[in-house]
Amino acid sequence: MSVTAAKGFRAAGVSAGIKATRDFALVVNDGPGVAAAAVFTSNRFPAAPVQWSRHAVGDGALRAVALNSGGANACTGADGYADSVQTAEWVGAALGVPPGDVAVCSTGLIGVRLPMDAVRNGVALAAGALSAEGGTDAAEAIMTTDTVAKQAVAGPGEWVVGGMAKGAGMLAPALATMLVVVTTDAEVSAAVLDRALRKAASLTFDRTDSDGCMSTNDTVVVLANGASGIVPSEEDLTNALTECCGSLARQLIADAEGAAHDIQVVVTGALSEADALEVARSVARSNLFKCAIFGADPNWGRVLSAIGTTAAAFEPERVDVTFNGVTVFRQGGIGEDRGLVDLTGRDVVLEIDLHAGPAAATVLTNDLTYGYVKENAEYSS
């Protein structure tokens, strides 16, 4: 159940000395194919590793991904970018591959340069520890405020998709504070892989919203090597990627520190998908709504207030709101007794039917209302 579930991939997670625990990971594609695709944060202060990795994946090929926790290498200027390039060069030399085929990812404190002696040590240690069983160690090495490692596997079996992720806060659309590496032994071109990834990310990570904050380092990388010898349809590949990324997204939401409920905001009956997303995100980002759920109060008035701030097409007298199967607001009026709603469990499903059209969308959120609380975390990514 890891990033090495697919054939032809090795990984390692080691203690390089950047922080007190495991802090450096490598994921290596042993081929035969080297197709790759990636999506990145849309933040206008992209971290140095994001800038480098955009360049590295530009030709649709990667042989390795190097990741560190303990420092984001963000907002560090030309020197920070040089550090990301140096990391790729060290990894390339250790593996015997071009540095331009190495993506680099970092997570941790913004505005502080990485201790490059420790990074070089991490490269050497990780390169020596690579194994097909190293996926869990790698997933642990990229954790920051995470309390558990995030891993997932999907696919029909004859070919698979496996992945790892980190992230526990600053989760908002346009990715989240996440680093994700996904691998597959399916045989696909870089162009197909790119389309499949963008579709999968748009349905999962882009619809994950914990506290409305966007990171500088968000990166999702997919590597494909064709080691299974099987060429899936683009639809099947997209579905498997979406399943894997969806599992990782749900794990990110569940691990957000301070949250007591995991919430699906499901909007149906919208005139367009854009309308459905606007409504879902408006509710998902409402602190009043989050506070109500934290207090186990199905306060549908706060849901309506959030919906009413949007430009989505709907008639107020036709809207339904349902909490965990109980329709508390129906056709513009009071519905069933909200005392019938059980919010004692971890999972909450809020359904909003606009009765305006055929479109739908779902956003994952939780009742986290105050963001990071750990030391220095408000500056981390």
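In this report, the structure presented in the accompanying data block is examined.

## Side note on the sheet that holds strand β15 (residues 359-366)
Taken together, six strands build an open sheet; the order of strands is β13-β12-β11-β14-β10-β15 and the sheet is mixed. Strands at the two margins of the open sheet, each flanked by one partner only, are β13 (333-334) and β15. In the packing of helix α7 (residues 273-284) onto the sheet, contacts are made with β10 (262-270), β14 (347-353) and β15, and the angle to β15 comes to roughly 20 degrees. Each of β11 (320-323), β12 (326-330), β13 and β14 touches helix α9 (residues 300-307); the most contacted strand, β11, lies at about 135 degrees to it.

## Some thoughts on the pairing of strand β9 (residues 219-224)
Looking down a regular strand, the side chains alternate between one sheet face and the other. Among the six residues in β9, six count as buried, and that is most of the element. Alternating residues of β9 divide into T219, V221 and L223 and V220, V222 and A224, and every residue in both groups is buried. Summarising the sheet, strand β3 (residues 35-40) and β9 pair through six bridges and their orientation is antiparallel. Bridge pairing links A36 to L223 in β9.

## Section: the pairing of β14
Burial of the side chains of β14 is restricted to one face: V348, L350 and I352 are buried, whereas none of D347, V349, E351 and D353 on the reverse face is. Of the pairings in the sheet, the one linking β10 to β14 comprises seven bridges and is parallel in character. Considered in β14, the bridge of V267 is made with I352. Alignment of β11 against β14, held across four bridges, turns out to be antiparallel. Bridge pairing in β14 places F323 opposite L350.

## What to know about the packing of helix α1 (residues 48-56) against helix α2 (residues 77-95)
Direction vectors running N to C along α1 and α2 enclose 50 degrees, while the axes themselves pass 8 Å from each other. What the angle tells us is that α1 and α2 run oblique. The hand of the α1/α2 crossing is right-handed. Contact residues: A48, P49, Q51 and W52 in α1; G80, Y81, S84, V85 and A88 in α2. Its residues assigned to classes, the contact of α1 with α2 shows six nonpolar, three polar and no charged.

## What about unusual backbone geometry?
P32 follows G31 through a cis peptide bond whose omega is 20 degrees. Turning to its location among the elements, P32 is positioned in the loop between β2 (24-29) and β3.

## Remarks on the pattern of salt bridges
On inspection of all chains with the given rule, the structure shows 17 salt bridges. In this structure, R22 and D137 form a salt bridge, with 3.2 Å as the shortest nitrogen-oxygen distance. With R22 in the loop between β1 (9-14) and β2 and D137 in helix α4 (residues 135-141), this pair connects stretches of sequence that are 115 residues apart. The exposure class assigned to R22 is partly exposed, which follows from its relative accessible area of 30%. Look at D137 and you get partly exposed, because its relative accessible area is 29%.

Rules and cut-offs
Residues numbered from 1 in each chain as written. Predicted model: local features only at pLDDT ≥ 70, side-chain atom pairs only at ≥ 80, totals over all residues. Heavy atoms only, no water. Pairing = 2+ DSSP bridges. Helix = DSSP H or I, 4+ residues; strand = E, 2+ residues; numbered from the N terminus. Contact = heavy atoms within 4.5 Å. Axes fitted to C-alpha atoms, helices over the stretch in contact; angles between N-to-C directions. Buried < 20%, exposed > 50% of the residue type's maximum accessible area, 1.4 Å probe, protein only. Parallel < 35°, antiparallel > 145°, perpendicular 65-115°, else oblique. Left-handed = near helix turned anticlockwise from the far one by under 90°. Nonpolar A, V, L, I, M, F, W, Y, C, P; charged D, E, K, R; others polar. Salt bridge = Lys/Arg side-chain N within 4 Å of Asp/Glu carboxyl O.

What is shown is where atoms sit, not what they do.
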